[in-house]
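# Working through the structure, step by step
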Amino acid sequence: MKVAIVGGGVGGLVSALLLSQYGVDVTIYEKDSKIGGRLTFFEKEGFKIDQGPTIILLPEIIVSILEEAGIQKDLLDLYQCDPLYRIHFENGKSFTKYSDLSQQVEEINRVFPGDGNGFIKFMADMSERFEIGKPQILEQSFLKKKDYLNRATASSLLKLKAYRNVMSNLKQYFTHEKLRQVYGLQTLYIGGNPYTTPAIYSLVSYSEHKHGIYYLKGGYASLVEQLEEACKQYDVKIKKNSPVTKVISDDTKATHIHVHNREVEVDAVILNGDFPISDKLVVSKKKKRHTPSSGCFLLYIGIEGKYENKEIHQFYLNDDFERNMKAIFKEKHIPENPSYYVFNPSIIDESLAPDGHSSLYVLVPVPANMNINWEEEKQVLQKKILDKMERDGFEHIKSRIKWIESRTPLDAEIEGLYSGGSFGVAPSLFQSGPFRTQVQPYKQRNIFAVGASIHPGGGIPIVMQGAKNLVEVFKDEFQLYEKRGEVTLHEHFESIRTM
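I will try to describe carefully the structure that is included in this document. None of the values given here were measured: they were computed from a predicted structure.

Strands belonging to one sheet form pairs held by backbone hydrogen bonds; the direction of such a pair is parallel or antiparallel. Strands sit in the order 9-2-1-13-19 across an open sheet of five strands; the sheet is parallel. Each edge of the sheet is formed by a strand with only one pairing partner; in this case those strands are strand 9 (237–239) and strand 19 (447–449). When strand polarity is set aside, the average angle formed by the axes of neighbouring strands in this sheet is 20°. Across the face of the sheet, helix 1 (residues 10–20) comes into contact with strand 1 (2–6), strand 2 (25–29), strand 9 and strand 13 (268–271) while running at roughly 165° to strand 2.

Membership of the largest hydrophobic core comes to 132 residues, with the highest contact counts inside it found for F122, Y183, L227, V247, I257, L271 and M464. In terms of residue count, helix 16 (residues 460–477) provides more of this core than any other element does, nine residues in total. Setting aside anything within four residues of it in sequence, one finds Y183 in contact with K97, Q104, I108, F119, F122, V166, L170, F174, S205 and H209. Core analysis: the second largest hydrophobic core is formed by 21 residues, F297, I303, V366 and L381 among them.

What follows concerns the sheet that holds strand 11 (residues 254–259). Spatial strand order, 10-11-12: three strands in an open sheet with antiparallel pairing. Each edge of the open sheet is held by one strand with a lone partner, namely strand 10 (244–249) and strand 12 (262–265). Direction aside, neighbouring strands of the sheet carry axes that sit 30° apart on average. In terms of strand pairing, strand 11 meets strand 12 through four bridges, oriented antiparallel. Looking across to strand 12, one finds that H258 is bridged to E263.

Glancing now at the pairing of strand 13. Burial of the side chains of strand 13 extends over both faces: A268 and I270 are buried on one face and V269 and L271 on the other. In this structure, strand 1 lies alongside strand 13, joined through four bridges in parallel fashion. Looking across to strand 13, one finds that A4 is bridged to V269.

Once that is clear, we can look at unusual backbone geometry. The amide bond that connects D82 to the next residue, P83, takes the cis arrangement and shows omega of 5°. At the junction of H455 and P456, the peptide bond is cis and its omega measures out at 10° in the coordinates. Take P456: it is sitting in the loop between strand 19 and helix 16. Look at L58: it is not a glycine, yet its phi comes out positive at around 45°. On the secondary structure map, L58 appears in the loop between strand 4 (47–50) and helix 2 (59–68). L58 gets classed as buried once you look at its relative accessible area, which sits at 11%. Not every positive phi belongs to a glycine, and K332 is a case in point at roughly 60°. Among the residues examined, K332 registers a relative accessible area of 34% and is labelled partly exposed.

What follows covers helix 3 (residues 101–111). Those residues of helix 3 not exposed but buried are Q104, V105, E107, I108 and V111. Down the axis of helix 3, the smallest arc covering the buried residues is 165°, so these residues share one side. Those residues of helix 3 that are exposed and angled more than 90 degrees off the buried face are E106 and R110. Looking at the packing, one finds that the buried side of helix 3 touches strand 7 (94–97), helix 4 (116–138), helix 8 (177–182) and helix 9 (203–211).

Here we take up empty space enclosed by the protein. For the structure on display, the rule yields one cavity of 30 Å³ or more. Taken as a whole, the largest cavity spans an internal volume of roughly 60 Å³. What lines the largest cavity is simply I56, P59, I62, L66, L76, L78, L216, Y220 and L223. Per-element accounting of the lining of the largest cavity gives the leading share, three residues, to helix 2.

Right, let's get into the environment of I108. Mapped onto the elements of the fold, I108 is located in helix 3. Its relative accessible area of 0% is what places I108 among the buried residues. Spatially, the C-alpha atom of I108 lies 39 Å from that of G36, the residues being 72 residues apart in sequence.

Moving on, we come to the packing of helix 4 against helix 9. Viewed as axis vectors pointing N to C, helix 4 and helix 9 meet at an angle of 100°, and their least axial separation amounts to 10 Å. With respect to their mutual orientation, helix 4 and helix 9 come out roughly perpendicular. Note on element contacts: helix 9 touches helix 4 through L203, S205, Y206, H209, K210 and H211, opposite F119, F122, M123, M126, S127, R129 and F130. Split into classes, the residues belonging to the contact of helix 4 with helix 9 amount to seven nonpolar, four polar and two charged.

Quick notes on the rules
Residues numbered from 1 in each chain as written. Predicted model: local features only at pLDDT ≥ 70, side-chain atom pairs only at ≥ 80, totals over all residues. Heavy atoms only, no water. Pairing = 2+ DSSP bridges. Helix = DSSP H or I, 4+ residues; strand = E, 2+ residues; numbered from the N terminus. Axes fitted to C-alpha atoms, helices over the stretch in contact; angles between N-to-C directions. Contact = heavy atoms within 4.5 Å. Core = buried A, V, L, I, M, F, W, Y, C linked by side-chain atoms within 4.5 Å. Buried < 20%, exposed > 50% of the residue type's maximum accessible area, 1.4 Å probe, protein only. Arc of directions from axis to C-beta. 1 Å grid on protein atoms, 1.4 Å probe; cavity = no way out; pocket = protein on both sides within 12 Å on 5 of 7 lines; lining within 4 Å. Points joined across faces, edges and corners; volume = space filled by probe spheres on them. Parallel < 35°, antiparallel > 145°, perpendicular 65-115°, else oblique. Nonpolar A, V, L, I, M, F, W, Y, C, P; charged D, E, K, R; others polar.

Remember, this is a structural readout, not a statement about activity or role.
Shown next as structure tokens:
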């Protein structure tokens, strides 16, 4: 049984390793010279910094799925961040998030008097919703209408307050607007507007306290080295510089992929590119319209010295957060006074820069690549952010820079992200849960999909869960439970035709 995976991102790699445990012959076809997708490093002059994700959430999901895929957890050097991070406001005040709940209540009552009890209620309600959402939304695929047009799913969505947005939901707990911003900004991790994204995504900020925030020593992208080594161990073949240009299928199944000007016969195909892009490889009658997530303007900086007085993670919010979100998500332009995030891992990890130096990563939420001339705007925005950083306590940063590189939504779009959105399709109500594209998106039941734009959604642990969900569906489809792959696809599709 031969399976082709189109794209070597983390979803494809984990799917390949999970399938290999059942004796499936898997080949990954990656268009670039390296695998990992968004999970990769930017490296220059002895410095390296994660190019994409930096915050590790839901570590238990990551570790358990990697163990299922054949990677032992002792190979992962995870460091728990506590404090979780610090949020700085334009008025000079700051707020710190902690793992310890009693410490967090003290901090809330110090900065936002009277809202400590609201936080306790928030955590209790979110704990109940997490127990509902994890098995019924996160770990479940919705392949048929009966999977979601039923009383149980409707009840779950009501309990998860899917009809509210994140910010309106937070009004049930917090009286201070800025504290609601503190617990709403996490939708930006997945490219969503907290003023429109469904309240189910409040579980992200809950999870930061409940499950912790971690850093992987050596950088998040070092996980790709472990995945690639495991692929060698379990006979998963990886073909780099091998762009797939078409999936060839009839009305019932995919039969070949087109790569390097030739057709390769396959028994099943898994699409691991950003789905609105990889969807173009398959001829189908209905093409779903998608709304992209927000984009990112990113700065990668090599610095002389270290900012020891700064946390690993910190956020800098402008004075009008709601106006900032409106500019990005509704008006589709770069905010005049942008908020930004700084990743400062060199204070705990010396492997990322030469002695006496450090690597910094700066992220500015911006619109996806919508009618913005990034060639003109990137220099203006870079200067504006560096000026703000100097005012915000990154002393003499401009004179300490050894080198600096930027990455815009236009770069992301060129590299294969839909409309330059950095997090897959937007986590809107009708692009979430049962309404998001599922792991088996076509009538050809041997074509599957995985990645940030596929249910359950974006973020490394969630994409890994999506890979696990895909393999569960794959196992059911091809009867791998009982026969460990002995049933051929020919027999399988013949049985379908005679039903």
